[in-house]
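Report on the structure
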Amino acid sequence: MLFFRGKTLDFDPDKCVRCGACFASCGHGALSCNPECGDREPFVTINRERCVLCQKCVKVCPVSELPLHPLIGDDIEQLEHICLASSKDEQVRFNASSGGAARELAYAALQSGFVDAVYGVRRLPSAPFYEGAYFVEPDDVLQMANSVYHAFPFAAGLKKRLDGRLIKRLLFIGTNCQMQAGANFYKGTSTELIRVAILCKQQKTHDFVTYIRREMGDPDDLEAAIEYRGKGWPGVVRSNAKEKPSEFYTVPFGMELWRVPGCKLCANLFGWKSDLVLLDPWGIGADDRSGLNLVLIRTDTGQRLWNMGRSRIADSDQITGAGGTPNSKSRPLTVADVKTAIDWWRYRRTKVDSIPYYLGQERNWMRKLGYAFLDWVRTFNGWFFLRFKNRALRNILMRFWGKSSKAILMIVGKR
Ligand SMILES: Cc1cc2nc3c(=O)[nH]c(=O)nc-3n(C[C@H](O)[C@H](O)[C@H](O)COP(=O)(O)OP(=O)(O)OC[C@H]3O[C@@H](n4cnc5c(N)ncnc54)[C@H](O)[C@@H]3O)c2cc1C
């Protein structure tokens, strides 16, 4: 997070969500970033000689605008529609992160002329493998990336004009913090943002992916290990170790090893201020071999976008065979189903309750102490996992650390 200390621009690594919007806003080349920095190293470097103190980078930073309070109860009840969904094209569905709804919506919105452009993640053939980019032609959507589970400066590619013309309506697909960054970027312009939120509970860090690489014995060619769905979690490892040192690895959810420092700030589970939210329906009985989306439609605009994509996307009642769920067949999905699909308890304890602490606003000293301890435990975990070679002993110790941190969380949470 960038901020002013007196008249000097400064950077707080602990509050940075690594969205990259500050780079896009700086017209003076005063900011540079190191996407491969470790978790405790600065993601953003400031060249003070070039900085003209225009404050654009501070204004675009989403961190201070993210909601402080958990948006769970009323917020999620006020939905236009909830459903399970997947692309009608089996190939798209299989290759997508979940059901392929994101790319199908992007395609439909561009094809129908509903938007001038879509902003999302584009795959790159070589390191760093991903970038935030505009998609203008429907077929460009084929270059869209699956979920990228590590931090990279997604919003760094934002620009207000495409080929010299202003974007009138933009479909922005990203995580909540990225979306707020996009909204800040376009604030005061005539560009209307249609917001599709990718639910993001966690994102892996560089240290985590380095750990995975070492875990796999630092193989030369991990392309062969790419696997999506079918062998359970963690099932995906993507990398190109030949491109060292810029390799990246992504592994899906399931381990408690990662954190992006700024992610602790986000209380926004259900796409606050978005038109439509896409999730993976873990926990409501979907089989994980055929991709599915859990879709929360929040606004009229979200509903319009959804209607546009309906010729390409199957809704709950049209999904048959593998991927259909008992819930979807017997009754419409409810808010309760959505809540079940998320590890609610853990989320509340580890993320939402700690927000005031991470913002420096926690007044209760017991809680302060508890979170400081947890911070230490987590940092130690990262350090430990990166360095410890003996797998069996490490697993035993990890269990101990995992349990102790959960116990502390319970005590802290109850106070
Ligand atoms: C970091 C991360 C964490 C997630 N955690 C959860 C979770 O805990 N629980 C859950 O239910 N779902 C989670 N998801 C969402 C889920 O994995 C799917 O992305 C979502 O259901 C959309 O799937 P899809 O098949 O429609 O997307 P696809 O059609 O495969 O398209 C993927 C879309 O995601 C965008 N995208 C990919 N990576 C990123 C990124 N790093 N930042 C911004 N946009 C990105 C692409 O631009 C594209 O639009 C997470 C996603 C990400 C990126």
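Residues numbered from 1 in each chain as written. Predicted model: local features only at pLDDT ≥ 70, side-chain atom pairs only at ≥ 80, totals over all residues.

**What about the overall build of the protein?**
- A tally of helices and strands in the protein yields 14 helices and 14 strands.
- With 415 residues in all, the protein has 42% of them scored as buried.
- Contacts in the protein between residues far apart in sequence, at least 24 positions, make up 71% of those at least 6 positions apart. (Helix = DSSP H or I, 4+ residues; strand = E, 2+ residues; numbered from the N terminus. Buried ≥ 20, exposed ≤ 12 C-beta atoms within 10 Å, placed from the backbone. Contact = placed C-beta atoms within 7 Å.)

**Focus: the packing of helix H5 (residues 101–111) against helix H8 (residues 300–309)**
- The contact between H5 and H8 brings their axes to 8 Å, and the two run at 90°. With respect to their mutual orientation, H5 and H8 come out roughly perpendicular. For the pair H5 and H8, the contacting residues are Glu104, Leu105, Ala108 and Ala109 in the first and Leu305, Met308 and Gly309 in the second.
- Tallied by class, residues from the contact of H5 with H8 come to five nonpolar, one polar and one charged. (Axes fitted to C-alpha atoms, helices over the stretch in contact; angles between N-to-C directions. Parallel < 35°, antiparallel > 145°, perpendicular 65-115°, else oblique. Nonpolar A, V, L, I, M, F, W, Y, C, P; charged D, E, K, R; others polar.)

**Observations regarding unusual backbone geometry**
- One non-glycine residue, arginine 18, adopts positive backbone phi at about 60°.
- Structurally, the position occupied by arginine 18 is in the loop between strand E2 (8–11) and helix H1 (21–25).
- The phi dihedral of leucine 53 falls on the positive side, at around 60°, and the residue is not glycine.
- Summarising the element assignment, leucine 53 is placed in the loop between strand E4 (44–46) and helix H2 (56–60).
- Here leucine 53 falls in the partly exposed class, since 13 other C-beta atoms lie within 10 Å of it.

**Some details on the pairing of E2**
- In the sheet, strand E1 (residues 2–5) pairs with E2 via four bridges, with the strands oriented antiparallel. Looking across to E2, one finds that phenylalanine 4 is bridged to leucine 9.
- Where E1 folds back onto E2 in an antiparallel hairpin, the turn is made up of two residues, including glycine 6, whose phi is positive at roughly 65°. (Pairing = 2+ DSSP bridges.)

**Quick look at the nonpolar core**
- Core analysis: the biggest nonpolar cluster contains 87 residues, and Ala21, Cys22, Ala106, Val118 and Leu171 have the highest contact counts within it.
- At eight residues, the largest contribution of residues to this core is made by H5.
- With residues near it in sequence (within four places) discarded, cysteine 22 still touches Leu2, Leu31, Val44, Cys57, Val60 and Cys61. (Core = buried A, V, L, I, M, F, W, Y, C linked by C-beta atoms within 7 Å.)

**A closer look at helix H6 (residues 176–186)**
- Within H6, nine of the eleven residues are buried, which leaves the element mostly enclosed by the surrounding structure.
- When we look at burial in H6, the residues that qualify are Asn176, Cys177, Gln178, Met179, Gln180, Ala181, Gly182, Asn184 and Phe185.
- Where the residues of H6 are buried, they touch H1, H2, strand E6 (117–123), strand E10 (169–174) and strand E11 (192–198).
- At the C-terminal side of H6, glycine 188 shows a positive phi close to 80°.

**Let's talk about the pairing of strand E12 (residues 276–279)**
- Residues of E12 alternate between two faces, with Leu276 and Leu278 on one and Val277 and Leu279 on the opposite face, all of them buried.
- Here E11 pairs with E12 via three bridges, running parallel. Its bridge partner lying in E12, alanine 197 is registered against valine 277.
- Pairing of E12 with strand E13 (residues 293–297), which is carried by four bridges, proceeds in the antiparallel orientation. If you follow leucine 276 over to E13, its bridge partner there is isoleucine 297.

**Focus: the environment of phenylalanine 11**
- Relative to the assigned elements, phenylalanine 11 resides in strand E2.
- Sequence-wise, phenylalanine 11 and valine 44 are 33 residues apart; in three dimensions their C-alpha atoms are separated by 7.1 Å.
- Sequence-distant contacts of phenylalanine 11, defined by excluding residues within four places in its chain, comprise Leu2, Pro42, Val44 and Ile46.

**Digging into the site of the ligand**
- As a matter of local geometry, the ligand sits amid 34 residues, with Ala96, Ser98, Ala102, Gly120 and Lys201 nearest to it.
- Only H5, E6, E10 and E12 provide two or more residues apiece to the shell around the ligand.
- Residue contributions to the shell around the ligand peak at three residues, all from H5.
- In terms of residue class, the shell around the ligand is built from 17 nonpolar, 14 polar and three charged. (Near = placed C-beta within 6 Å.)

**Re the environment of proline 13**
- In this fold, proline 13 is placed in the loop between E2 and H1.
- Linking proline 13 and phenylalanine 43, residues 30 residues apart in sequence, is a C-alpha distance of 6.9 Å.

**Quick word on the sheet that holds E12**
- Within the open sheet, the eight strands sit side by side as E7-E6-E10-E11-E12-E13-E5-E14. Their pairing is mixed. The open sheet has two edge strands with one neighbour each: strand E7 (130–135) and strand E14 (313–315). The average angle at which neighbouring strand axes cross in this sheet is 30°, direction not considered.
- Pairing between strand E5 (residues 81–87) and E13: five bridges, direction antiparallel. Following the sheet pairing, isoleucine 82 is matched in E13 by leucine 296.

So, to be careful, I would describe these as geometric facts and stop short of saying anything about function.
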